[in-house]
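The residues making up each chain are set out below.
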Amino acid sequence: MSRKKINSLTVHTFGKKENQAIIFVHGFPFDYTMWNDQIRSLQDKYYCVTYDVRGLGDSYVGDGQYTMEFFVDDLFSVIGGLHLNKPVLCSLSMGGYIALRAVEKEQDKFGGLILCDTKPEPDDDKGKLKRAAAINKINTEGLGKFVDDLLPGLFAEETPENMKEMYERILNHSKTYDPVGVKGCLLAMVSRTSTVRFLKKIKIPTLVMGGSFDKLTPPAAMRKTSEKIKGSEFAIVPRAGHMSPVENPSYVNDMIAGFIKRRVVE
Ligand code: MLT
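A brief structural summary. (Residues numbered from 1 in each chain as written. Predicted model: local features only at pLDDT ≥ 70, side-chain atom pairs only at ≥ 80, totals over all residues. Heavy atoms only, no water.)

Helix and strand counts for the protein chain come out as eleven helices and eight strands. Principal-axis analysis of the C-alpha atoms places the extent of the protein chain at approximately 55 × 40 × 40 Å. Counting all 266 residues of the protein chain, 55% fall into the buried class. Considering only intrachain contacts with a sequence separation of at least 6, the fraction spanning at least 24 residues in the protein chain is 78%. Element-wise, carbon and sulfur atoms account for 51% of the exposed surface of the protein chain, whose accessible area totals about 11700 Å². Separation of charge centres in the protein chain, based on 37 positive and 33 negative side chains, amounts to 5 Å. (Helix = DSSP H or I, 4+ residues; strand = E, 2+ residues; numbered from the N terminus. Buried < 20%, exposed > 50% of the residue type's maximum accessible area, 1.4 Å probe, protein only. Contact = heavy atoms within 4.5 Å. Areas by Shrake-Rupley, 256 points an atom, 1.4 Å probe, with all protein chains shown as cover. Lys, Arg positive; Asp, Glu negative; His and termini not counted. Charge placed at Lys NZ, Arg CZ, Asp CG, Glu CD.)

All residues in the neighbourhood of the ligand are listed as G27, F28, S93, M94, Y97, R131, M189, L216 and H242. One of the side-chain N or O atoms of R131 is found 2.8 Å from an oxygen atom in the ligand. For the ligand, whose free accessible area comes to 270 Å², the fraction covered by protein is 92%. Among the residues forming the shell around the ligand, the class breakdown is five nonpolar, three polar and one charged. (Near = heavy atom within 4 Å. Polar contact = N/O pair within 3.5 Å; in protein donor to acceptor, adjacent residues only side chain to side chain. Nonpolar A, V, L, I, M, F, W, Y, C, P; charged D, E, K, R; others polar.)

The next thing to look at is the nonpolar core. By size, the foremost hydrophobic cluster in this structure holds 88 residues, and its most contacted members are L75, M209 and I256. Once residues lying within four places of it in the same chain are set aside, the contact partners of M209 are I114, L115, C116, D117, M222, A235, V237, V252, M255 and I256. (Core = buried A, V, L, I, M, F, W, Y, C linked by side-chain atoms within 4.5 Å.)

What follows covers the pattern of salt bridges. Here the idea is simple: oppositely charged side chains can pair when their charged atoms come close. Scanning all chains against the criterion turns up 16 salt bridges. Salt-bridge contacts for K109 lead to E106; the nearest nitrogen and oxygen are separated by 3.0 Å. Residue classification places E106 among the partly exposed positions, given a relative accessible area of 34%. (Salt bridge = Lys/Arg side-chain N within 4 Å of Asp/Glu carboxyl O.)

What follows is about the pairing of strand β4 (residues 47–51). β4 sits mainly inside the fold: five of its five residues count as buried. On β4, burial covers both faces: Y47, V49 and Y51 on one face and C48 and T50 on the other are all buried. Pairing geometry for strand β2 (residues 9–14) and β4, over four bridges, is antiparallel. Among the inter-strand pairings, V11 is bridged to a residue of β4, identified as Y51. Here four bridges tie strand β3 (residues 21–25) to β4, and the two strands are oriented parallel to one another. Counterpart to I23 in the pairing with β4 is V49. One crossover worth recording links β3 to the parallel β4 by way of helix α1 (residues 36–42), and it is right-handed. (Pairing = 2+ DSSP bridges. Right-handed = clockwise from strand over helix to strand, strands pointing away.)

Printed below as a string of structure tokens:
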């Protein structure tokens, strides 16, 4: 493993640089460690790159005035800084918002796209009000309360009990972030644009998958996204909620490896 700073972001690389690169972009409110299981399983065959999105983990927090466009520029700065050649872009939820917008801007930069538990639609009015309430809760009740209230809904009902150690590690870790950065991510998400109309223009190999018990981006919504991306592959991850890569890592790892073998690396 090697760790470096690129554009004030903490970037981690695993495996041999000459292998096909996969760049992993995490969801909210998490950091690169949510991809630990994927990296462990894929690093022998692929050059695995991941980083903490601005405001979360060890990356730069600054004033928290972020937009989705900053996040996309950050992603391109990691790709440029490491001279990655057509990496496969693997993303979850907020990471998927970043990925879809990045591909909308420059799809030729990528060898493939993996979308886990995410959506191309921007927040509707109800969603915008939920973001406002979230910022208010962090200000008035603290980040700990916000995380305690948010996290159970991101996992399948049985996960906190069945995967107690993992669940508690993620829960406690999310409470350690800088509230300024967490609120900055909420602002970036609420102000993001729609990528719905772009879906039919995606030409790179794409895999869409999501947890069978995902309440935020349920299987039917993920299927709808996949149907709009010509030739994309689609999978439902069993025994998983919105956090499918950590809830059912072996299934997700096999899907990623199979997809890259079939569609990206000849
Ligand atoms: C995530 O997992 O990244 C978030 O649920 C995304 C969101 O709040 O829209």
